[in-house]
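Secondary and tertiary structure notes
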Amino acid sequence: MTGEEVRAGVKLTNLDAPLFDGADATKRDLIDYLEFVGDRLVGQLRDRPLSVVRIRPGQEPFMQKNLPKYTPDWVRRVTVWAETSKREVTYALCDDVRTLLWFGNQRAVEYHPTLMLADHSAGPTHLILDLDPPEGGPFRQVVRAAELIRQALADDGLAGAVKTSGAKGVHVFVPIEPCIPIEDVAAATRAIAARAERIDPDLATTAFIREDRAGKVFLDSTRAGGATVVAAYSPRVRPGVPVSFPIEWAQLADISPGDFTVCTASKQLGDRDPWAQEMPAPQGLPADLIEEGHTIPVARVQAMHEGKRRARARRQS
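Note that the structure is a prediction, hence the values are computed from the model and not measured.

Okay, the packing of aromatic side chains next. In this structure the tally under the stated criterion is six aromatic pairs. Each ring, one from Phe103 and one from Tyr111, has its centre 6.4 Å from the other, and the planes form 85 degrees; the classification is edge-to-face. Both residues of the pair, Phe103 and Tyr111, belong to the buried class. Both rings, one in Phe173 and one in Trp275, keep their centres 5.2 Å apart while their planes meet at 80 degrees; by these two values the pair is edge-to-face. Pair noted here: Phe173 is in strand β10 (residues 170-175) and Trp275 is in helix α6 (residues 274-278), with a separation of 102 residues, a long-range link. Each member of the aromatic cluster is reached from another via a ring pair, and the members are Tyr70, Trp102, Phe103 and Tyr111. Arg98 extends its terminal NZ or CZ atom over the ring of Trp74, reaching a point 3.8 Å from the ring centre. Above the ring of Phe218, the side-chain terminus of Arg213 is found at 3.8 Å from the ring centroid.

This part covers the UniProt feature "domain: DNA ligase D polymerase" (unreviewed entry) in the chain. Per the UniProt entry, the sites bearing "domain: DNA ligase D polymerase" (unreviewed entry) are residues 26-275 in this numbering. Note that residues 26-275 is 28% helix and 21% strand, and that its end C-alpha atoms are spaced 26 Å apart.

Here the focus is the packing of helix α1 (residues 27-45) against helix α2 (residues 97-105). The interhelical angle for the contact between α1 and α2, taken along N-to-C directions, is 140 degrees, at an axis separation of 9 Å. For the element pair α1 / α2, the angle class is oblique. With respect to the hand of their crossing, α1 and α2 are arranged in right-handed fashion. Across the interface between the two elements, Lys27, Leu30, Ile31, Leu34, Glu35, Gly38, Asp39, Leu41, Val42 and Leu45 of α1 pack against Val97, Leu100, Leu101, Gly104 and Asn105 of α2. A breakdown of the residues in the contact of α1 with α2 according to their chemical character gives nine nonpolar, three polar and three charged.

Among the six residues of strand β7 (residues 108-113), six are classified as buried, and the element is accordingly described as predominantly covered. Pairing of strand β3 (residues 49-54) with β7 involves five bridges; the strand directions are antiparallel. Residue pairing across strands places Arg54 opposite Ala108, the latter belonging to β7.

Thresholds applied
- Residues numbered from 1 in each chain as written.
- Predicted model: local features only at pLDDT ≥ 70, side-chain atom pairs only at ≥ 80, totals over all residues.
- Heavy atoms only, no water.
- Phe/Tyr/Trp six-rings, centres within 6.5 Å; stacked < 30°, edge-to-face > 60°.
- Buried < 20%, exposed > 50% of the residue type's maximum accessible area, 1.4 Å probe, protein only.
- Helix = DSSP H or I, 4+ residues; strand = E, 2+ residues; numbered from the N terminus.
- Lys NZ or Arg CZ within 6 Å of the ring centre and 35° of its normal.
- UniProt positions renumbered as here; feature names shortened; annotations may be inferred.
- Axes fitted to C-alpha atoms, helices over the stretch in contact; angles between N-to-C directions.
- Parallel < 35°, antiparallel > 145°, perpendicular 65-115°, else oblique.
- Left-handed = near helix turned anticlockwise from the far one by under 90°.
- Contact = heavy atoms within 4.5 Å.
- Nonpolar A, V, L, I, M, F, W, Y, C, P; charged D, E, K, R; others polar.
- Pairing = 2+ DSSP bridges.

Listed below in structure tokens is the structure:
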């Protein structure tokens, strides 16, 4: 078997090379997985500006937003003004399996679409909570925290789908109706996290500063607006190349994030698309949730000010 092939019109090279140190997988394993999961992963990427995490042999992983000049003409793209860097960024729109395999051949392992479509007029499509365990904390701790999020959602008539992050935590996605202002979606996300924290403050925290979390699961409510989040079915640059995998709520307590990798997930998926099957229909956001959220400071901004205050205090002492 050679290290070169053509699939979906894409010339693939160096397929038998290790994907990266510690991957326990080859580039061929990545391509095989991307091809197998093809339309299911593309369904999460289509029409969304895409950032990818690539890893070249012997180098550290890096996130690529701007498409390189050698990108084929047939890759769809969109140019967006980036306010933070004060420049235009040309993102890919991964709308077909051909584009996905081209990215795989570039050693793009992770796929991070934006929460909004390239046409921003409809606003965010999902409200997202990102749950991270404390250092060394068991996955079971994250599962219990996810149930707090589920309860906080249900208490206001909402429902979401859950997936492993592909690292140590989980993501809860709540599909929302179009044209809800970004600020209101962000506020509602903060309110859900705060309500979940109030249910069991010994288990979960919304503290953005790591040293303030005291061994609790962090309920990250900052994924809003123009943010990205790793897509369902995307591999991750982690030992063993785990996959961000959709899970039924009833099965969440029975799994471990390491159960799903580029070498095992295909067999576990079969011809199913559990992310599509488990995702509720788009929902409106209750007014009380938005109202409460607007009273909660933005975590990143609050943490920045608190960090400066603590730095001043240390200097003075």
